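# Survey of secondary and tertiary structure
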Amino acid sequence: GTLLYYARSVDPTILLSLSAMASQQSHATARTAADSARLLDCLATHLDAIIHFSASNTILRIHRNVSYLTEPNARSCIVSHFFLGKQEPTLMNGLVLNITTVLRCTASTSSEAEIGAIFVKMKKIQILCQTLRNMRFPQPPMSINTDNSSAVAFSNKTIKK
């Protein structure tokens, strides 16, 4: 509980490790114990986690990453950082929301995992954008960024048969 509170309030970089350990808790192994010790060593080494908040235009920005087939049972992991920034997305501000989740299904390709991550992200974006609009912070049209060319082609309906 203590590490989860710390991760959510100060250092979201450890959420993925906490999530993985929590999913293995009911059938822990020596590897789970070693992963726990490694996480505690990392926290002891890097004591001064800092969240930086700066003035912004209150535009919702997202940094997202997908790791393909890195979780048990051949599943993929999604990490998304939602923050409020400026029109040009150069500075990462303090987080509004952090999503660390494992896709429930097994993706057959990395492109499929990317599309699944985009779907998970877009469900949250709708809620956050509406909340910001209600608070009188209009949101410009948001582009969806992905580093997978097949996922881009699928999203833009430009896949060639």
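Residues numbered from 1 in each chain as written. Predicted model: local features only at pLDDT ≥ 70, side-chain atom pairs only at ≥ 80, totals over all residues. Heavy atoms only, no water.

### Let's talk about the overall build of the chain
Under the convention used in this document: Helix and strand definitions here come from DSSP, where helices need a minimum of 4 consecutive H or I residues and strands a minimum of 2 consecutive E residues; each element is numbered from the N-terminal end. Buried residues are those whose accessible area, probed at 1.4 Å on protein chains only, stays under 20% of the maximum for their type, while exposed residues exceed 50% and partly exposed ones sit between those limits. Only heavy atoms enter the contact rule, under which two residues are in contact if any of them lie within 4.5 Å. Methods summary: accessible areas were calculated by the Shrake-Rupley approach with a probe of 1.4 Å, and residue burial reflects only the protein chains presented. Residues scored as positive are Lys and Arg, those scored as negative are Asp and Glu, and His as well as the terminal groups of each chain are ignored. For the purpose of locating charges, the reference atoms are NZ of Lys, CZ of Arg, CG of Asp and CD of Glu.
Helix and strand counts for the chain come out as 5 helices and 3 strands. The linear arrangement of helices and strands in the chain, starting from the amino end, is α-α-α-β-β-β-α-α. Taken along its principal axes, the extent of the C-alpha atoms in the chain is 50 × 45 × 25 Å. By residue count, 30% of the 161 residues in the chain fall in the buried class. Looking at the chain alone, contacts between residues at least 24 apart form 60% of all its contacts between residues at least 6 apart. A total accessible area of about 10,900 Å² is found for the chain, and carbon and sulfur atoms account for 57% of it. Side-chain charges in the chain split into 16 positive and 9 negative, and the spacing between the mean points of these groups amounts to 14 Å.

### Quick word on the nonpolar core
To be explicit about the condition: What is meant by a nonpolar core is a set of buried Ala, Val, Leu, Ile, Met, Phe, Trp, Tyr and Cys residues, joined one to another through side-chain atoms within 4.5 Å.
Counting 8 residues, the largest nonpolar core consists of Leu60, Ile62, Phe82, Ile99, Ile125, Leu128, Cys129 and Leu132. Per-element tally for this core: the top contributor is helix H4 (residues 110–134), with 4 residues. Those residues in contact with Ile99, other than ones at most four positions away along the chain, are Ile78, Val79, Ser80, Phe82 and Lys124. One finds Ala7, Ile14, Met21 and Leu39 within the second-largest nonpolar core, a separate group that totals 7 residues.

### Some words on the environment of Asn73
Tracing the backbone through its elements, the reader meets Asn73 in the loop between strand E1 (59–71) and strand E2 (75–85). When its relative accessible area of 66% is taken as the criterion, Asn73 is described as exposed. On a C-alpha basis, the gap between Asn73 and Lys157 in space is 31 Å, while along the polypeptide they are 84 residues apart.

### Considering the confidence of the model for the chain
Condition: By definition, pLDDT measures how confident the predictor is in each residue, and it falls between 0 and 100.
Across the chain, the average pLDDT comes to 78, with 95% of residues at or above 70. Averaged over each element, pLDDT in the chain is lowest for helix H5 (residues 149–155) (74) and highest for helix H3 (residues 30–45) (85).

### Let's talk about the layout of surface pockets
Under the convention used in this document: Buriedness of a pocket was judged along seven lines, with at least five required to meet protein on both sides within 12 Å; pockets are open sets of points on a 1 Å grid over the protein atoms alone, cavities are sets where a 1.4 Å probe fits but cannot get out, and lining residues have an atom within 4 Å of a point. Grid points are joined across faces, edges and corners, and a volume is the space filled by probe spheres set on the points.
In this structure, the second largest pocket spans a volume of roughly 340 Å³. Leu4, Leu15, Leu18, Ser19 and Ala22 are, among the 14 residues lining the second largest pocket, the residues nearest its centre. Per element, the largest residue contribution to the lining of the second largest pocket is 5 residues, and it comes from helix H2 (residues 15–23).

### Here we look at H3
Put simply, the rule reads: Here the expected length of a helix is defined as 1.5 Å per residue gap, with one fewer gap than residues. Within this analysis, the arc is defined by the directions that extend from the helix axis to the C-beta atoms. Identification of polar contacts relies on pairs of N or O atoms within 3.5 Å, with a donor-acceptor requirement for protein atoms, meaning one able to donate a hydrogen and the other able to accept it, and with residues adjacent in sequence counted only if both atoms are side-chain atoms.
Look at H3: 22 Å from first C-alpha to last across 16 residues, which is about the 22 Å you get at 1.5 Å a residue. The set of residues buried in H3 consists of Thr32, Asp35, Leu39 and Leu43. In a view along the axis of H3, the buried residues occupy a sector of 75°, so they form one face of it. Opposite its buried face, H3 presents the exposed residues Ala30, Arg38, Asp41, Ala44 and Thr45, each directed more than 90 degrees away. On its buried face, H3 sits against helix H1 (2–9) and H2. If you check the start of H3, you find a side-chain oxygen 3.2 Å away from the backbone N of Arg31, and it comes from Thr29.

### Describing the pattern of salt bridges
Our working definition: Criterion for a salt bridge: a side-chain nitrogen of Lys or Arg within 4 Å of a carboxyl oxygen of Asp or Glu.
A complete count under the given rule lists 1 salt bridge for this structure. Residues Arg38 and Asp35 are paired through a salt bridge, measuring 2.9 Å at the closest nitrogen-oxygen approach. Taken together, the residues span about one helical turn, with Arg38 and Asp35 both in helix H3 at a distance of 3 residues.

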